[in-house]
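The lines below spell out each chain.
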Amino acid sequence: MQHFYIFIGCCSLLKLSSGSGEKAENCLFALFYARLAPLAAPKLGGGSGEKAENCLFALFYARLALTLTHKTITEKRMNTFLHAKDLTNIDLALREAAEIKQERYKYEHLGRHRTALLVFFNNSLRTRLSTQKAARNLGLDVIVLDVNQGAWKLETEHGVVMDGDKSEHLLEAIPVMASFCDIIGVRTFAGLTDRHADYTEQILNQFILHSGKPVFSMESATAHPLQAFADLITIEEHREKGRRPKVVLTWAPHPRALPQAVPNSFAEWMLAADVDLVVTHPEGYELDPLFVGDAHVEYDQMRAFEDADFVYAKNWSCPGVTRPDDYGKILSTDPSWTVTARQMAVTRDAHFMHCLPVRRNVIVSDEVIESPRSLVIPEAANREISATVVLKRMLEAMG
Ligand code: CP
C-alpha cells in the first residue's frame, strides 16, 4: 500500500510540474486526492507504528487537493484582470507578492518565448515602467504601443461612417495587435461624458471580446487594479502587527476633472482586505456601490481622519451616483479638503498615501508628502510587485 501511495505521489508531482493544466483533469485529481487524505487519516489512531508516515501522506494528499483546486479556480478566473475577485484569494496573492519581492526572477521561465503587448491610449509613467519591468521579471518580451503617438488614429464606436480623421477601427486593430502577442495590457481612461459607456468598460471589453488573448487593465474607465493591489501590498508591509488598521480614503481638490478608477479600485480592494475603511468626500461625490459597497462614508473630513492609521488621498470627479446629470463634472474645489498637517494631527500618526502623479499644495501639502510617514515612493515601487504577481497568475493560467 505504501508503494502505491508513493507511486501516486510521484505521478501527481509530475502532473503538477508538467504545466499541462487541463481543468477537468485537475478537478478529477483534486477530488481523488481529497478522497485519499481521509482514507489515510483513520490509520493514525491504529497504533500500527505507521502513524507518522500516514500522517505525512494524509497531509500530502490534502495539500495536493487544495493546490489543484486553487489551480483550477485560477485557470478559470485569470483570463482577465479588472477586479480584486479576479485574484480569487487576496491573502494568497499578498503572500505571493512577499515571495516575489524577495526573489523577483523566480518565475522567469513562465514568459519564455511569450510576448506582452502594453497598449496605452493615455499617458503614464509608473504603469509604463513597472509593467515592463514586471513582464521582464517573468521572461516576457514586451511591446509598448502608444496609440496616440505614431499609430493610426482609432475609431472606437460601432456603426460610424469613418470619413473623419480616424483611419482605422478598433475591430480590425485589436485582432491585428493580438496576432503579435500572448497577453495584452490596456490603459484607457474614462471619457467622463457618457457614464454608461465608461461603466460598461466599452474599450477594455472590446479587447477582451475580440483579441482572443488574456487582457489586464493598466487603468481602464472604472478601475485601476494594479494600483490598488500595490497599495494593499504597501499597507500590509507598514501596518502595525496585531491591529486592524483604520484606512481613510479622502477626496481632495484638483483643477481638472479626473476619473473614479483609482478610488473605485482602492475602495474595492480595501473591502476585500482585513482593514476598516472610511471614505470621506463632499456631498455629490458618492462612489458607485459596485466598488464602495457598504463602506462607512463620513462627510466630515476631520472626523473621518480621527485615529486613522493610513490616509489615502485622491481627487475624483462626480461619479453620477447621487447626481446623475453631473457625471464627470467638478462639484467642488474647496481648498480646506487639501491634506495638510491640520488633518494629519488627529490621526494615529498615519501614513500618507497617493497613487501619483500628485499636485502638491492642491491635493497634499509639501509638509505631509515629504514627511517620514509618507509612503508615496514605496507604493509606486510596489507597482512592479503587483504587476509581477498578476502576470505570473495569467501566464500560469495559460498553461
Ligand atoms: N499611478 C499611476 O498609475 O501612475 P501613471 O499614471 O504614471 O502610470
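Here the structure is a predicted model, which is why all the values come from computation and not from measurement.

Novice: I'd love a proper account of the packing of helix α6 (residues 170-178) against helix α8 (residues 202-211), names of residues and values included.
Specialist: Working note: a packed helix pair is described by the angle between its axes plus the distance between those axes. With their axes 9 Å apart at the nearest point, α6 and α8 run at an angle of 55° to one another. Our classification of the angle between α6 and α8 gives oblique. Two packed elements cross with a definite hand, and for α6 against α8 that hand is right-handed. Facing α6, whose interface residues are L170, L171, I174, P175, M177 and A178, α8 presents I203, Q206, F207, H210 and S211. Its residues assigned to classes, the contact of α6 with α8 shows eight nonpolar, three polar and no charged.

Novice: Go over a nonpolar patch on the surface with me, naming the residues and quoting the values.
Specialist: A contiguous nonpolar patch, built from I143, V176 and F180 and spanning about 280 Å² of accessible area, is present on the exposed surface. Within the secondary structure layout, V176 lies in helix α6. We classify V176 as partly exposed; its relative accessible area is 44%.

Novice: Now, about the site of the ligand: what can you tell me, with residues and values included?
Specialist: Inspection of the region around the ligand gives S124, L125, R126, T127, R187, H224, Q227, C355, L356 and R383 as its neighbouring residues. Between the ligand and R126 there is a distance of 2.9 Å, counted from an oxygen atom to a side-chain nitrogen or oxygen. In isolation the ligand offers 260 Å² of accessible surface; the protein chains occlude 93% of this area. Considered class by class, the residues forming the shell around the ligand number three nonpolar, four polar and three charged.

Novice: Tell me about the environment of R239, and please be specific about residues and values.
Specialist: Mapped onto the elements, R239 comes out in the loop between α9 (225-238) and β8 (246-251). For R239, a relative accessible area of 13% translates into the label buried. A C-alpha to C-alpha distance of 7.8 Å links R239 and D309, two positions 70 residues apart in sequence. When residues no more than four places from it in sequence are discounted, the contact partners of R239 are R244, P245, D274 and F310.

Novice: Quick rundown of the environment of D194? Include the residues and the values.
Specialist: Relative to the helices and strands, D194 resides in the loop between β6 (183-187) and α7 (195-199). A relative accessible area of 40% means that D194 is categorised as partly exposed. Expressed as a C-alpha distance, the spacing of D194 and G328, which sit 134 residues apart in the sequence, is 8.5 Å. A distance of 3.1 Å separates the side chain of D194 from the backbone nitrogen of H196, its partner in a polar contact.

Novice: Give me the lowdown on the environment of A273, citing residues and values where you can.
Specialist: Inspection of the secondary structure puts A273 in the loop between α10 (261-272) and β9 (276-280). What makes A273 buried here is its relative accessible area of 16%. Considering only alpha carbons, one finds A273 and D91, 182 residues apart in sequence, at a separation of 8.0 Å.

Novice: Any chance you could break down the packing of aromatic side chains for me, citing the residues and the numbers?
Specialist: Going through the model one piece at a time under the given rule, you end up with seven aromatic pairs. Look at Y199 and Y327: their rings are 6.3 Å apart centre to centre, the planes differ by 75°, and that puts the pair in the edge-to-face class. Of this pair, Y199 sits in helix α7 while Y327 sits in the loop between β11 (310-314) and α13 (341-344); the two residues are 128 residues apart in sequence, bridging distant segments of the chain. On the basis of relative accessible area, Y199 is assigned to the buried category, the value being 16%. We classify Y327 as buried; its relative accessible area is 7%. For the ring pair F266 and Y312, a centre distance of 3.9 Å and an interplane angle of 15° mean the geometry is stacked. Pair noted here: F266 is in helix α10 and Y312 is in strand β11, with a separation of 46 residues, a long-range link. Three or more aromatic residues joined by ring pairs form one cluster here, namely F81, F229 and W269. Positioned above the aromatic ring of Y199 is the side chain of R195, whose terminal nitrogen or guanidinium carbon lies 4.0 Å from the ring centre.

Conventions adopted
- Residues numbered from 1 in each chain as written.
- Predicted model: local features only at pLDDT ≥ 70, side-chain atom pairs only at ≥ 80, totals over all residues.
- Heavy atoms only, no water.
- Axes fitted to C-alpha atoms, helices over the stretch in contact; angles between N-to-C directions.
- Helix = DSSP H or I, 4+ residues; strand = E, 2+ residues; numbered from the N terminus.
- Parallel < 35°, antiparallel > 145°, perpendicular 65-115°, else oblique.
- Left-handed = near helix turned anticlockwise from the far one by under 90°.
- Contact = heavy atoms within 4.5 Å.
- Nonpolar A, V, L, I, M, F, W, Y, C, P; charged D, E, K, R; others polar.
- Patch = residues over 30% accessible without salt bridge, like charges linked within 9 Å, V, L, I, M, F, W, Y side chains within 5 Å.
- Areas by Shrake-Rupley, 256 points an atom, 1.4 Å probe, with all protein chains shown as cover.
- Salt bridge = Lys/Arg side-chain N within 4 Å of Asp/Glu carboxyl O.
- Buried < 20%, exposed > 50% of the residue type's maximum accessible area, 1.4 Å probe, protein only.
- Near = heavy atom within 4 Å.
- Polar contact = N/O pair within 3.5 Å; in protein donor to acceptor, adjacent residues only side chain to side chain.
- Phe/Tyr/Trp six-rings, centres within 6.5 Å; stacked < 30°, edge-to-face > 60°.
- Lys NZ or Arg CZ within 6 Å of the ring centre and 35° of its normal.

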